[in-house]
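# Observations on chain architecture
The lines below spell out each chain.
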Amino acid sequence: MSTRLTGRFSRQQRLTQASEFKSVFADPYVKQGDANMLLLGIKNNQKTARLGLAVAKKQLKRAVSRNRFKRLTRESFRHHLDIIKNLDIVVIARSGAERKTNQELLDLLSKNWHILSKKCEKLSQV
């Protein structure tokens, strides 16, 4: 018996090229962060938001922690696509994320997505 995945993380929702990451790092339109992560975003001309992850060994030492952070970030991203439209977002992990539980990380990500979208709305109104 196979289970069908709903809300998959498709290729169109990923930042795949180094140039795409560089454009976000070079001049982020919006920034949002805390002790556990930093989110950088720029406007894109795609139909959907796209996500890139920067999870360094220096910040999260164990591969298990890095993979868990990436998995939870992708999952949270899929659930919040309706509020983060037309943005290229890079999520950078910070060392504090290693000590958080899964639920705490999901809650922090949700909070950061909402703040990021509000900042983006505020900037586009100006």
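Coordinates for the structure precede this section.
Now for a look at the structure at hand.

Across the interface, helix H2 (residues 63-79) lies against helix H3 (residues 102-125) with an axial gap of 10 Å and an inter-helix angle of 45 degrees. Looking at the two axes, H2 sits oblique to H3. The handedness of the crossing between H2 and H3 is right-handed. Packed against H2, whose contacting residues are Arg68, Phe69, Leu72, Thr73, Ser76 and Phe77, the element H3 presents Asn102, Leu105, Leu106, Leu109, Ser110 and Trp113 at the interface.

Attention now goes to the environment of Ser110. Its location among the elements puts Ser110 in helix H3. Separated by 95 residues in sequence, Ser110 and Leu15 have C-alpha atoms that sit 20 Å apart. Residue contacts for Ser110: discarding those within four places in its chain leaves Ser76 and His80.

Before going further, it helps to examine H3. Since one α-helical turn is 3.6 residues long, residues separated by three or four positions face the same way. Between its terminal C-alpha atoms H3 stretches 35 Å, which fits the 34 Å expected from 24 residues at 1.5 Å a residue. Leu105, Leu108, Leu109, Ser110, Asn112, Trp113, Leu116, Ser117 and Cys120 are the residues of H3 that are buried. If you follow the buried residues of H3, they end up packed against strand E1 (30-33), strand E2 (37-43), strand E3 (50-54), H2 and strand E4 (87-93).

Time to look at the side chain of Thr73. Secondary-structure assignment places Thr73 in helix H2. Residue class for Thr73 comes out buried when judged on its relative accessible area of 0%. Residue contacts for Thr73: discarding those within four places in its chain leaves Leu51, Leu53, Val91, Leu109 and Trp113.

All right, on to the pairing of E1 then. Alternating positions in E1 separate cleanly, Val30 and Gln32 being buried on one face and Lys31 and Gly33 remaining unburied on the opposite face. For E1 and E2, the ladder comprises four bridges, and the chain directions are antiparallel. Its bridge partner lying in E2, Gln32 is registered against Leu39. From the end of E1 to the start of E2, which pair antiparallel, there are three residues.

Turning our attention to the environment of Leu81. As for its position among the elements, Leu81 is in the loop between H2 and E4. Expressed as a C-alpha distance, the spacing of Leu81 and Gln103, which sit 22 residues apart in the sequence, is 19 Å. For Leu81, the contacting residues outside a window of four places in its chain are Gln13, Thr48 and Ala49.

What counts, and where the lines are drawn
Residues numbered from 1 in each chain as written. Predicted model: local features only at pLDDT ≥ 70, side-chain atom pairs only at ≥ 80, totals over all residues. Heavy atoms only, no water. Axes fitted to C-alpha atoms, helices over the stretch in contact; angles between N-to-C directions. Helix = DSSP H or I, 4+ residues; strand = E, 2+ residues; numbered from the N terminus. Parallel < 35°, antiparallel > 145°, perpendicular 65-115°, else oblique. Left-handed = near helix turned anticlockwise from the far one by under 90°. Contact = heavy atoms within 4.5 Å. Expected span 1.5 Å × (residues − 1). Buried < 20%, exposed > 50% of the residue type's maximum accessible area, 1.4 Å probe, protein only. Pairing = 2+ DSSP bridges.

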